[in-house]
Amino acid sequence: MKVLVTGGMGYIGSHTCVELLERGMDVVIVDNLCNSKAQARERVAAITGKSPLFYQLDVRDVEALAAVFRIHTFDCVIHFAGLKAVGESVEKPLLYYDNNLNATINLCRVMDRFGCRNIIFSSSATVYSPDNQLPLTEQSRVGDCSNPYGWTKYMGEQILRSMAQADPRWSVVLLRYFNPVGAHESGDIGEDPRGIPNNLMPYISQVAIGRRERLSVFGDDYPTPDGTGVRDYIHVVDLARGHVAAIDYLMSHKGTEAFNLGTGVGYSVLDMVKAFETANHIEIPYQIAPRRAGDLPEVYADPSKSAEILGWTAQHTLEDMCRDSFRWQSKNPQGYDG
Ligand code: NAD
Ligand code: WQD
């Protein structure tokens, strides 16, 4: 099985490459390194003993991408490449629509040209409308996204669906990730955000090693048990294994199918702080701050469709997520730069 992994140098992509390589698959990565570092490839090679091929290119560059397809015959593509910072997408919407949508459109054009029509797309729980009942199932309403990033995922899904409807040779799996956290248990690959982290777990990890003074908890007056926001955190290695399970499905089905990748369990911000403190025997100073614009009180998945159809369920505990995040951050205080 030869797999093209777009965005494979990034956080989720690098962990997925490890799982693919460990199962004996051939992996080719394309990434423009706009939000990742070349060292990720060396780390993946050190973990697995196998070095994935890497081409530095922008997925929007049709000719550069076509050159890779001329060299390799792929069985399928996992499409991670995209920009993902919610706040930045509000400030620079065209950057997000251009990058995320044109990358997807160009990738599909090139795949079609070379006769590879099997694609797994990195989607997000953010495609679900805010007014759904919980837990979110794949049948829950999508749309009414609160930021341009979310719309790019919504539109990306729609583009792929339309394409598979028009041409029955296509096989499309849409994976809707909830909140990926944690790192490979080696502590050698992990999330390496640029600047001040937007997401909770990287922020907590940076407080833990003294890179940030204290965590701001965005709101303690939500209608949740302790008043802080509740999310479905999932260990990135479980998420990566969800892609392996999705490949089996992809290769034996046509058309489009969406799957939630979450645990089905919600934890609050303060649950996360306490779990991190307990798992790592360290104190996380925090202060209560105002709510963050666009945040929902509670988001968690119903992952039963993935369990039934893909045969996949998340295995790692909250303690694993906290321990592995801290191990990665402690071994790499400045991320891949040291
Ligand atoms: P990441 O930024 O670590 O990885 C994305 C990779 O894509 C980076 O290495 C980046 O350099 C590359 N890239 C971006 N645009 C590109 C382009 N035009 N051409 C080539 N390479 C390009 O992000 P991640 O957390 O690993 O996320 C992977 C995918 O999963 C993204 O599509 C993201 O939107 C989606 N997703 C992430 C989360 C999350 O919380 N991390 C949740 C839901 C969905
Ligand atoms: C989690 C909780 C915050 C930081 C985002 C994207 C979503 C998806 C996953 C890509 C919330 C609180 C956070 C902090 C805090 N990404 N928080 N202090 O917002 O659920 O999801 O990442 O698809 O699209 O929106 O994740 O980690 O930012 O926040 O109190 O410094 O932690 O308010 O309740 P979110 P998050």
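Quick look at the structure, then. (Residues numbered from 1 in each chain as written. Chains lettered and ligands numbered in written order. Predicted model: local features only at pLDDT ≥ 70, side-chain atom pairs only at ≥ 80, totals over all residues. Heavy atoms only, no water.)

Our next topic: the site of ligand 2. Not every one of the 18 residues close to ligand 2 is listed here, only the nearest: Ser124, Tyr149, Ser216, Arg231 and Asp295. Between an oxygen atom of ligand 2 and a side-chain N or O atom of Asn179, the distance comes to 3.0 Å. Of the residues forming the shell around ligand 2, the biggest block, four residues, is contributed by strand S8 (residues 215-218). Broken down by class, the residue content of the shell around ligand 2 amounts to eight nonpolar, seven polar and three charged. (Near = heavy atom within 4 Å. Polar contact = N/O pair within 3.5 Å; in protein donor to acceptor, adjacent residues only side chain to side chain. Helix = DSSP H or I, 4+ residues; strand = E, 2+ residues; numbered from the N terminus. Nonpolar A, V, L, I, M, F, W, Y, C, P; charged D, E, K, R; others polar.)

Turning our attention to the pattern of salt bridges. A side chain of one charge can pair with a side chain of the opposite charge if their charged atoms are brought near each other. Tallying each qualifying case throughout the model produces 22 salt bridges. Between Arg117 and Asp112 there is a salt bridge; the shortest N-O distance is 2.6 Å. Look at Arg117 and you get buried, because its relative accessible area is 14%. The partner of Arg327 in a salt bridge is Asp324, and the shortest N-O contact between them spans 2.8 Å. Of the two residues, Arg327 and Asp324 both sit in helix H11 (residues 318-331), three residues apart, roughly one turn of that helix. In this structure Arg327 comes out as partly exposed when scored by relative accessible area, which is 28%. By relative accessible area, Asp324 is classed as buried at 1%. Ionic contacts of the salt-bridge type, sharing partners, join the residues Asp320, Arg323, Asp324 and Arg327 into one network. (Salt bridge = Lys/Arg side-chain N within 4 Å of Asp/Glu carboxyl O. Buried < 20%, exposed > 50% of the residue type's maximum accessible area, 1.4 Å probe, protein only.)

To continue, consider the site of ligand 1. The environment of ligand 1 is formed by 27 residues, the closest being Ile12, Asp31, Asn35, Ser36 and Tyr149. Between Phe80 and ligand 1, the recorded distance is 2.8 Å, taken from a backbone N or O atom to an oxygen atom. Starting from 820 Å² of accessible surface for ligand 1 in isolation, the protein chains cover 95%. Put simply, the parts of the chain that give the shell around ligand 1 at least two residues each are helix H1 (11-22), strand S5 (118-124) and helix H6 (148-166). In terms of residues, the shell around ligand 1 owes the most to one element, S5, which gives three residues. (Areas by Shrake-Rupley, 256 points an atom, 1.4 Å probe, with all protein chains shown as cover.)

A few words on the environment of Leu33. Within the secondary structure layout, Leu33 lies in the loop between strand S2 (26-31) and helix H2 (39-48). The exposure class of Leu33 is buried, given its relative accessible area of 19%. Sequence separation between Leu33 and Gly10 is 23 residues; the distance between their C-alpha atoms is 8.1 Å. Beyond its immediate sequence surroundings of up to four residues, Leu33 is in contact with Met9, Ala38, Phe54 and Gln56. (Contact = heavy atoms within 4.5 Å.)

So, on to the side chain of Arg212. In this structure, Arg212 sits in the loop between helix H7 (200-208) and S8. Within the buried set, Arg212 has no salt-bridge partner at all; the shortest N-O distance to an opposite charge, 9.3 Å, is to Asp192. There is a polar contact of 3.5 Å between the side chain of Arg212 and the backbone oxygen of Gly195. Polar side-chain contacts of Arg212 include one of 2.8 Å to the side chain of Gln206. When near neighbours in sequence (up to four residues on either side) are disregarded, Arg212 contacts Gly195, Ile196, Pro197, Tyr203, Gln206 and Val207. (Lys, Arg positive; Asp, Glu negative; His and termini not counted.)

This part covers the nonpolar core. By size, the foremost hydrophobic cluster in this structure holds 41 residues, and its most contacted members are Val3, Leu20, Ile120, Val173, Leu175 and Ile247. Those elements that place two or more of their residues in this core are strand S1 (2-6), H1, S2, H2, strand S4 (76-79), strand S6 (171-177), helix H8 (236-252) and strand S11 (255-261). When residues in this core are grouped by element, the largest group, nine residues, is from H8. Those residues in contact with Leu175, other than ones at most four positions away along the chain, are Ile120, Phe121, Ser122, Ser123, Ser124, Gly242, His243, Ala246, Phe259 and Leu261. (Core = buried A, V, L, I, M, F, W, Y, C linked by side-chain atoms within 4.5 Å.)

Moving on, we get to the sheet that holds S4. Overall, parallel pairing links the seven strands, which are arranged S3-S2-S1-S4-S5-S6-S11 in an open sheet. Of all strands in the sheet, those bounded by a partner on one side alone are strand S3 (53-56) and S11. This sheet shows a mean twist of 20 degrees between the axes of neighbouring strands, independent of strand direction. Where S2 and S3 come together, four bridges link them in parallel fashion. Across the sheet, Val28 pairs through a bridge with Leu53, a residue of S3. In the packing of H6 onto the sheet, the strands contacted are S5, S6 and S11, and the crossing angle to S5 comes to about 155 degrees. (Pairing = 2+ DSSP bridges. Axes fitted to C-alpha atoms, helices over the stretch in contact; angles between N-to-C directions.)

The subject of this paragraph is the packing of H7 against H11. In a pair of packed helices, the angle between the axes and the distance between the axes together describe the arrangement. The contact between H7 and H11 brings their axes to 9 Å, and the two run at 55 degrees. As the angle between them shows, H7 and H11 are arranged oblique. In terms of crossing hand, the pair formed by H7 and H11 is right-handed. Each of Met201, Pro202, Ser205, Gln206 and Ala208 in H7 lies in contact with H11, whose residues at this interface are Met321, Cys322, Ser325, Phe326 and Gln329. Of the residues contributing to the contact of H7 with H11, the split by class is six nonpolar, four polar and no charged. (Parallel < 35°, antiparallel > 145°, perpendicular 65-115°, else oblique. Left-handed = near helix turned anticlockwise from the far one by under 90°.)

Geometry only, nothing functional implied.
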